[in-house]
Amino acid sequence: SAAARGLAGVDHRLLHRVLDRGEESVPELVRFALEDLSDYPVDLEPDLLNIFRALRTPEAIPFCHKLFRTRRSDVADELTLAYQGLGAASLVPLVELYRELGEQAGFEIPFMLASLGVKDPRIN
């Protein structure tokens with residue numbers, strides 16, 4: 001919150017504090033990441049995505065979905081890498097997101113599913 005307000009820098013100190021806490025930091029990060037962050041002067045969403053990629057936690061999937069819906073063109077590669085890092089844990093949520101968005105809005109999802117490297121009859 002302080003970093004999003006511009007009161008604390010997004011630097012190695014902040015990242016180490018978060019990453020050193022590991023899974024313990026995930027619930028707070030997810031809660032914050034799912035808030036409406038548009039009123040904050042500092043855009044932390046790309047940084048949050050990178051933190052979640054490093055933590056490889058399935059709890060971040062709702063945030064990844066949020067970014068897919070709102071900022072996919074800004075973070076498409078990073079989102080693909082985040083889903084890939086979760087492997088099989090992101091299969092069902094991605095299939096559900098594809099069903100929700102439909103073929104036209106979710107046209108990138110089949111490529112993401114294929115890139116997971118998971119063998120599953122739902123993705124041919």
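Before any of the text, the structure's been laid out above.
Okay, so let's go over this structure. Each chain carries its own residue numbering, running from 1 in the written order of its sequence. Selection of residues for local features in this predicted model requires a pLDDT of at least 70, selection of side-chain atom pairs for listing and counting requires 80 or more, and totals for whole chains, interfaces and linings are taken over all residues. Excluded from the side-chain calculations are hydrogens and water; all other atoms, namely the structure's heavy atoms, are used.

## Considerations on the overall build of the protein chain
Argument step 1. Think of it this way: any DSSP run of H or I at least four residues long counts as a helix, any run of E at least two long counts as a strand, and we number them from the N terminus. Counting secondary structure elements, the protein chain contains six helices and zero strands.
Argument step 2. Walking the protein chain from its N terminus toward its C terminus, one meets helices and strands in the order α-α-α-α-α-α.
Argument step 3. The size measure is the radius of gyration over C-alpha atoms, and the globule rule it meets is 2.2 Å times the number of residues to the 0.38 power. Its C-alpha atoms give the protein chain a radius of gyration of 15 Å, within 12% of the compact-globule value 14 Å for 124 residues.
Argument step 4. By principal-axis analysis of the C-alpha atoms, the protein chain measures approximately 45 × 30 × 20 Å.
Argument step 5. Any residue under 20% of the maximum accessible area for its type is buried, any over 50% is exposed, and the rest in between are partly exposed; the area is computed with a 1.4 Å probe on protein chains only. Evaluated residue by residue, the protein chain yields a buried proportion of 39% over its 124 residues.

## Remarks on the side chain of Ser 25
Argument step 1. When you line up the elements, Ser 25 lands in the loop between helix H1 (12–21) and helix H2 (26–33).
Argument step 2. Contacts between residues were defined by any pair of non-hydrogen atoms, one from each residue, lying within 4.5 Å. The residues contacting Ser 25, other than those within four sequence positions of it, are Val 18 and Leu 55.

## Thoughts on the environment of Glu 23
Argument step 1. As for its placement among the helices and strands, Glu 23 is situated in the loop between H1 and H2.
Argument step 2. With relative accessibility at 48%, the residue Glu 23 sits in the partly exposed group.
Argument step 3. The spacing of Glu 23 and Leu 55 is 32 residues in sequence and 7.4 Å in space, taken between C-alpha atoms.
Argument step 4. Not counting the four nearest positions on each side in its chain, Glu 23 is found in contact with Leu 55, Thr 57 and Glu 59.

## Examining the packing of aromatic side chains
Argument step 1. Ring pairs shown here join Phe, Tyr and Trp side chains whose ring centres sit within 6.5 Å, with only the six-membered ring taken for Trp; geometry is labelled stacked below 30 degrees between planes, edge-to-face above 60, and tilted in between. Counted under the stated rule, the structure contains two aromatic pairs.
Argument step 2. Ring geometry for Phe 32 against Tyr 40: centres 5.7 Å apart, planes inclined by 55 degrees, an arrangement best described as tilted.
Argument step 3. A residue is classified by how much of its surface remains accessible, and Phe 32, at 9% relative accessible area, is buried.
Argument step 4. Geometrically, the ring pair formed by Phe 52 and Phe 63 is tilted, given 5.5 Å between the ring centres and 55 degrees between the ring planes. Here Phe 52, found in helix H3 (residues 45–55), pairs with Phe 63, found in helix H4 (residues 61–86); they are 11 residues apart in sequence, far enough to count as distant.
Argument step 5. Charge-over-ring placement is defined geometrically: NZ (Lys) or CZ (Arg) within 6 Å of the ring centre, and within 35 degrees of the ring normal. The ring of Phe 68 is capped by Arg 72, whose NZ or CZ atom sits 4.4 Å from the centre of that ring.

## Brief notes about the pattern of salt bridges
Argument step 1. Here a salt bridge means any side-chain nitrogen of Lys or Arg lying within 4 Å of a carboxyl oxygen belonging to Asp or Glu. Counting across every chain of the model gives nine salt bridges.
Argument step 2. Arg 72 is paired through a salt bridge with Glu 108; the nearest N and O atoms lie 3.4 Å apart. With Arg 72 in helix H4 and Glu 108 in the loop between helix H5 (91–105) and helix H6 (109–115), this residue pair connects regions lying 36 residues apart in the sequence.
Argument step 3. What makes Glu 108 partly exposed here is its relative accessible area of 22%.

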